[in-house]
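For reference, the chains in residue letters:
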Amino acid sequence: MVLEGKVAVVTGSSSGIGRAVAGRFAAEGARVTVCGLPDGRVQPVVDEIKAAGGEAIGVEADLGYAEEVDRVFASTLESFGRLDVLVNNAGWASPIAHFLELDEEHWDKVIRTNLKSVYLCTSRAARIFVDQGGGGCVISTTSFGAEKAHRMMAAYDATKGGINAFTRTVAIDLGPFGIRVNAVGPGAIHTPEFEAQGPEAKRKRAETVPLGRVGYPEDVAGAMTFLASADASYL
């Protein structure tokens, strides 16, 4: 188990990619804080991990607010005594909005949910890592939208580009403390919300991928498990 003894906070882990990451981390020996919005989906993930023999707690929080972030990390330290890995996965794939119809409320919500949460969580985690004597790992979920535009998703793509730039800069700032900072940019990942679109939509998404298939949350979980492990100690 490559994460044996590690403690990880996985944000946005009540569904989709985050849920797969939390489950995989627990299966690899990590103790996990499952974190999601207060919509009733956090506890079932915790129960699933425990049923499989893993160790987890759940915290419902909106991570665009500093006091909510503090509560997540306080609960983690209270339950597990330390922190080794942060996965910034919380985010909102904003509804399609042509730029001429994109209002300030929409913009602010996407920035707060997708980008401010990454800053707040990384800041809190980094201070914990330093207080523990250094070391630690931060992994953020970005998107190919950081490099290649989605039509009518200006706010979303702006946040993902921001995460990429943030990751590069923070990696430089925190490297001297032994803290590694990386990002994973998923492509055409078939999360549950795509299921309703049917098999034809899934086939068309797969046509854009050289491998000829869509990805699944478990594919991303594998990449993040590697980045959190000792095998990635120089990345």
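Structural notes, computed from the coordinates. The model shown is predicted, which means the values in this text are computed figures rather than measured ones.

## Overview of the pairing of strand 6 (residues 179–184)
Within strand 6, five of the six residues are buried, which leaves the element mostly enclosed by the surrounding structure. In this structure, strand 5 (residues 136–141) lies alongside strand 6, joined through six bridges in parallel fashion. Bridge assignment links Val138 to a residue of strand 6, and that residue is Val181. The parallel pair strand 5 and strand 6 is bridged by helix 5 (residues 154–174), and the resulting crossover is right-handed.

## Overview of the sheet that holds strand 2 (residues 31–36)
Read across the sheet, six strands follow the order 3-2-1-4-5-6 without closing on themselves; strand pairing throughout is parallel. Single-partner strands in this sheet number two, and they are strand 3 (55–60) and strand 6. On average, adjacent strands in this sheet sit at an angle of 15° to one another, irrespective of strand direction. Alignment of strand 4 (residues 85–88) against strand 5, held across four bridges, turns out to be parallel.

## Points about the nonpolar core
With 29 residues, the main nonpolar core has Val21, Phe25, Val32, Val34, Val87, Ile139 and Met224 as its most contacted residues. Elements supplying a minimum of two residues to this core: strand 1 (7–10), helix 1 (16–27), strand 2, helix 2 (42–51), strand 4, strand 5 and helix 7 (217–228). Residue contacts for Ile139: discarding those within four places in its chain leaves Leu86, Val87, Asn88, Asn182, Val184, Met224, Leu227 and Ala228. Within the second largest apolar cluster, 25 residues are counted, among which are Val7, Leu120, Cys121 and Phe129.

## Digging into a negative patch on the surface
Together, Asp103, Glu104, Glu105 and Asp108 make up a negatively charged patch on the protein surface. Inspection of the secondary structure assignment puts Asp103 in the loop between strand 4 and helix 4 (104–131).

## Comments concerning the side chain of Thr122
Following the sequence through the fold, Thr122 ends up in helix 4. Sequence-distant contacts of Thr122, that is, excluding residues within four places in its chain, are made with Leu86, Asn88, Val138, Phe166 and Val170.

## Quick word on the pattern of salt bridges
Per the counting criterion, the structure on display carries ten salt bridges. For Arg71, the salt bridge identified is with Glu68, shortest N-O distance 3.2 Å. Highlighted residues: Arg71 and Glu68, both in helix 3 (residues 66–80), separated by three residues, approximately one helical turn. Sharing partners across several salt bridges, the network here consists of Glu200, Arg203 and Glu207.

## Some points on the pairing of strand 3
Across six bridges, the pairing between strand 2 and strand 3 is parallel. Residue pairing across strands places Thr33 opposite Ile57, the latter belonging to strand 3. Once the chain exits strand 2 it traverses helix 2 before rejoining the sheet at strand 3, and the crossover so formed is right-handed.

Reading the values: rules and limits
- Residues numbered from 1 in each chain as written.
- Predicted model: local features only at pLDDT ≥ 70, side-chain atom pairs only at ≥ 80, totals over all residues.
- Heavy atoms only, no water.
- Buried < 20%, exposed > 50% of the residue type's maximum accessible area, 1.4 Å probe, protein only.
- Helix = DSSP H or I, 4+ residues; strand = E, 2+ residues; numbered from the N terminus.
- Pairing = 2+ DSSP bridges.
- Right-handed = clockwise from strand over helix to strand, strands pointing away.
- Axes fitted to C-alpha atoms, helices over the stretch in contact; angles between N-to-C directions.
- Core = buried A, V, L, I, M, F, W, Y, C linked by side-chain atoms within 4.5 Å.
- Contact = heavy atoms within 4.5 Å.
- Patch = residues over 30% accessible without salt bridge, like charges linked within 9 Å, V, L, I, M, F, W, Y side chains within 5 Å.
- Areas by Shrake-Rupley, 256 points an atom, 1.4 Å probe, with all protein chains shown as cover.
- Salt bridge = Lys/Arg side-chain N within 4 Å of Asp/Glu carboxyl O.
- Lys, Arg positive; Asp, Glu negative; His and termini not counted.
- Charge placed at Lys NZ, Arg CZ, Asp CG, Glu CD.

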